[in-house]
Amino acid sequence: MSMTFAMIKPDAVRAGNAGNIIQRINDSGFTIRAMKLIHMTRPIAEGFYAVHKDRPFFGELVEFMTSGPTVVLALEKENAQQAWRDLMGPTDSTKAPKGTIRGDFGTSMGENASHGSDSDENAKIELSYFFNATEFC
Ligand code: CMP
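What you see is a predicted model; the values in this text were computed from it and never measured.

### Re the pattern of salt bridges
As a working rule, side chains carrying opposite charge can pair if their charged atoms are close by.
Here is step 1: Evaluated as defined, the whole model comprises six salt bridges.
Here is step 2: The partner of E76 in a salt bridge is R33, and the shortest N-O contact between them spans 2.7 Å. Remark: R33 occurs in strand β2 (residues 31-38) and E76 occurs in strand β3 (residues 70-77); sequence separation between them is 43 residues.
Here is step 3: Between E135 and K36 there is a salt bridge whose closest N-O contact spans 2.9 Å. With a gap of 99 residues between them, E135 in the segment after α7 (120-130) and K36 in strand β2 connect regions that are remote in the sequence.
Here is step 4: In this structure E135 comes out as partly exposed when scored by relative accessible area, which is 28%.
Here is step 5: Its relative accessible area of 25% is what places K36 among the partly exposed residues.
Here is step 6: The network of salt bridges with shared partners includes R42, E46 and E63.

Written out as C-alpha coordinates, the structure reads:
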(Lines give C-alpha, C1' and ligand atoms only; values in the text may rest on other atoms or scores of the structure.)
Protein backbone atom coordinates (compact mmCIF):
# COMPACT_ATOMS: atom_id res chain seq x y z
CA MET A 1 0.00 0.00 0.00
CA SER A 2 1.12 3.54 -0.66
CA MET A 3 -0.28 7.00 -0.13
CA THR A 4 -0.61 9.91 -2.50
CA PHE A 5 -1.70 13.53 -2.19
CA ALA A 6 -4.85 14.70 -3.97
CA MET A 7 -6.77 17.94 -4.32
CA ILE A 8 -10.29 18.74 -5.46
CA LYS A 9 -9.67 22.21 -6.85
CA PRO A 10 -11.76 25.39 -6.40
CA ASP A 11 -13.61 25.00 -9.74
CA ALA A 12 -14.93 21.57 -8.77
CA VAL A 13 -15.79 22.60 -5.20
CA ARG A 14 -17.56 25.75 -6.50
CA ALA A 15 -19.60 23.70 -9.00
CA GLY A 16 -20.78 21.32 -6.26
CA ASN A 17 -18.78 18.39 -7.60
CA ALA A 18 -16.67 17.57 -4.52
CA GLY A 19 -19.18 14.95 -3.36
CA ASN A 20 -19.23 13.23 -6.76
CA ILE A 21 -15.44 13.14 -6.86
CA ILE A 22 -15.18 11.72 -3.33
CA GLN A 23 -17.71 9.05 -4.35
CA ARG A 24 -15.47 8.12 -7.30
CA ILE A 25 -12.49 7.96 -4.94
CA ASN A 26 -14.39 5.50 -2.72
CA ASP A 27 -15.74 3.48 -5.65
CA SER A 28 -12.21 3.14 -7.06
CA GLY A 29 -10.94 1.41 -3.92
CA PHE A 30 -8.96 4.20 -2.31
CA THR A 31 -8.97 4.62 1.46
CA ILE A 32 -9.10 8.26 2.55
CA ARG A 33 -6.50 8.64 5.32
CA ALA A 34 -6.85 12.42 5.73
CA MET A 35 -9.14 15.10 4.30
CA LYS A 36 -9.94 18.77 4.91
CA LEU A 37 -11.44 21.82 3.22
CA ILE A 38 -9.06 24.76 3.03
CA HIS A 39 -9.04 28.18 1.38
CA MET A 40 -5.42 28.70 0.31
CA THR A 41 -3.75 32.01 0.96
CA ARG A 42 -1.47 33.40 -1.72
CA PRO A 43 1.75 32.35 0.11
CA ILE A 44 0.41 28.80 0.61
CA ALA A 45 -0.51 28.45 -3.09
CA GLU A 46 2.78 30.04 -4.24
CA GLY A 47 4.74 27.71 -1.96
CA PHE A 48 2.89 24.61 -3.10
CA TYR A 49 3.43 25.39 -6.79
CA ALA A 50 6.92 26.93 -6.36
CA VAL A 51 8.32 24.49 -8.94
CA HIS A 52 6.23 26.36 -11.56
CA LYS A 53 7.18 29.89 -10.44
CA ASP A 54 8.98 30.76 -13.68
CA ARG A 55 6.26 29.39 -15.97
CA PRO A 56 4.02 31.88 -17.81
CA PHE A 57 0.87 30.43 -16.22
CA PHE A 58 2.09 30.76 -12.61
CA GLY A 59 0.14 33.96 -11.83
CA GLU A 60 -3.06 32.52 -13.29
CA LEU A 61 -2.52 29.28 -11.35
CA VAL A 62 -2.08 31.07 -8.01
CA GLU A 63 -5.08 33.30 -8.73
CA PHE A 64 -7.22 30.24 -9.44
CA MET A 65 -6.02 28.21 -6.46
CA THR A 66 -6.81 31.10 -4.08
CA SER A 67 -10.22 31.79 -5.66
CA GLY A 68 -12.17 29.49 -3.32
CA PRO A 69 -11.99 26.43 -1.10
CA THR A 70 -10.07 23.29 -2.07
CA VAL A 71 -10.44 19.77 -0.64
CA VAL A 72 -7.04 18.26 0.19
CA LEU A 73 -6.78 14.51 0.72
CA ALA A 74 -4.40 11.68 1.52
CA LEU A 75 -5.38 8.63 -0.54
CA GLU A 76 -4.17 5.10 0.12
CA LYS A 77 -4.21 2.24 -2.35
CA GLU A 78 -1.86 -0.19 -4.05
CA ASN A 79 0.27 2.07 -6.30
CA ALA A 80 -1.86 5.05 -5.18
CA GLN A 81 0.12 7.74 -7.02
CA GLN A 82 -0.40 6.23 -10.48
CA ALA A 83 -3.92 4.97 -9.69
CA TRP A 84 -5.08 8.48 -8.74
CA ARG A 85 -3.50 10.03 -11.83
CA ASP A 86 -5.24 7.41 -13.98
CA LEU A 87 -8.58 8.24 -12.36
CA MET A 88 -8.02 12.00 -12.92
CA GLY A 89 -6.99 11.71 -16.57
CA PRO A 90 -4.53 14.02 -18.35
CA THR A 91 -3.84 17.58 -17.07
CA ASP A 92 -5.66 19.31 -19.92
CA SER A 93 -9.38 18.77 -19.26
CA THR A 94 -10.21 19.39 -22.93
CA LYS A 95 -8.12 16.32 -23.82
CA ALA A 96 -9.19 14.16 -20.86
CA PRO A 97 -11.52 11.28 -21.82
CA LYS A 98 -15.09 11.19 -20.52
CA GLY A 99 -15.23 9.00 -17.46
CA THR A 100 -12.11 10.56 -15.97
CA ILE A 101 -12.44 13.23 -13.28
CA ARG A 102 -10.88 15.94 -15.42
CA GLY A 103 -12.84 14.84 -18.48
CA ASP A 104 -16.12 15.04 -16.58
CA PHE A 105 -15.55 17.94 -14.17
CA GLY A 106 -12.68 20.06 -15.56
CA THR A 107 -13.06 22.71 -18.24
CA SER A 108 -9.52 23.68 -19.34
CA MET A 109 -5.80 23.17 -18.72
CA GLY A 110 -5.84 25.49 -15.70
CA GLU A 111 -9.30 24.72 -14.32
CA ASN A 112 -8.88 20.97 -14.26
CA ALA A 113 -10.85 19.99 -11.16
CA SER A 114 -8.12 18.00 -9.43
CA HIS A 115 -4.46 17.54 -8.66
CA GLY A 116 -2.31 14.51 -7.90
CA SER A 117 1.35 14.09 -7.04
CA ASP A 118 3.57 13.14 -9.98
CA SER A 119 5.82 10.72 -8.04
CA ASP A 120 5.93 8.87 -4.70
CA GLU A 121 8.72 11.21 -3.62
CA ASN A 122 6.62 14.32 -4.35
CA ALA A 123 3.59 12.68 -2.71
CA LYS A 124 5.47 12.61 0.60
CA ILE A 125 6.50 16.26 0.20
CA GLU A 126 2.99 17.39 -0.79
CA LEU A 127 1.26 15.38 1.97
CA SER A 128 3.49 16.96 4.60
CA TYR A 129 2.86 20.43 3.09
CA PHE A 130 -0.83 20.21 4.02
CA PHE A 131 -1.09 17.59 6.80
CA ASN A 132 0.70 17.05 10.07
CA ALA A 133 1.19 13.59 11.59
CA THR A 134 -1.87 13.83 13.86
CA GLU A 135 -4.25 14.41 10.93
CA PHE A 136 -3.84 10.93 9.36
CA CYS A 137 -6.44 8.32 10.32
P1 CMP B 1 -1.71 20.34 -11.50
O2 CMP B 1 -1.76 18.87 -11.66
O3 CMP B 1 -2.28 20.93 -10.26
O4 CMP B 1 -0.18 20.82 -11.62
C5 CMP B 1 0.18 22.10 -12.05
C6 CMP B 1 -0.99 22.88 -12.57
O7 CMP B 1 -0.67 23.97 -13.38
C8 CMP B 1 -1.80 21.97 -13.48
O9 CMP B 1 -2.47 20.99 -12.74
C10 CMP B 1 -2.68 22.97 -14.19
O11 CMP B 1 -3.81 23.31 -13.42
C12 CMP B 1 -1.75 24.17 -14.27
N13 CMP B 1 -1.19 24.33 -15.61
C14 CMP B 1 -0.30 23.54 -16.23
N15 CMP B 1 -0.04 23.99 -17.46
C16 CMP B 1 -0.80 25.10 -17.64
C17 CMP B 1 -0.97 26.00 -18.70
N18 CMP B 1 -0.31 25.86 -19.85
N19 CMP B 1 -1.84 27.02 -18.53
C20 CMP B 1 -2.52 27.17 -17.36
N21 CMP B 1 -2.39 26.32 -16.30
C22 CMP B 1 -1.54 25.30 -16.45
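After that view of the structure, there is still more to cover.
### Details of the packing of aromatic side chains
Centre distance and the angle of the planes are the two values used to describe a pair of aromatic rings.
Here is step 1: A full pass over the atoms with the stated rule returns eight aromatic pairs.
Here is step 2: With centroids separated by 5.7 Å and ring planes inclined at 55 degrees, the aromatic side chains of F5 and F48 adopt a geometry described as tilted. Taken together, the residues F5 in strand β1 (residues 2-8) and F48 in helix α3 (residues 42-48) connect sequence positions 43 residues apart. The two residues F5 and F48 agree in class, both being buried.
Here is step 3: Between the aromatic rings of F48 and F130, the centroid separation amounts to 5.3 Å while the plane-to-plane angle is 50 degrees, which identifies the pairing as tilted. Placement of F48 in helix α3 and of F130 in helix α7 is noted, with a sequence separation of 82 residues between them.
Here is step 4: In this structure F130 comes out as buried when scored by relative accessible area, which is 8%.
Here is step 5: The structure contains a cluster of three or more aromatic residues connected by ring pairs, namely F5, F48, Y49, Y129 and F130.
Here is step 6: Its end group placed over the ring of F30, K77 keeps NZ or CZ at 4.9 Å from the ring centre.

Criteria and cut-off values
- Residues numbered from 1 in each chain as written.
- Predicted model: local features only at pLDDT ≥ 70, side-chain atom pairs only at ≥ 80, totals over all residues.
- Heavy atoms only, no water.
- Salt bridge = Lys/Arg side-chain N within 4 Å of Asp/Glu carboxyl O.
- Helix = DSSP H or I, 4+ residues; strand = E, 2+ residues; numbered from the N terminus.
- Buried < 20%, exposed > 50% of the residue type's maximum accessible area, 1.4 Å probe, protein only.
- Phe/Tyr/Trp six-rings, centres within 6.5 Å; stacked < 30°, edge-to-face > 60°.
- Lys NZ or Arg CZ within 6 Å of the ring centre and 35° of its normal.

That is the geometry; function is a separate question.
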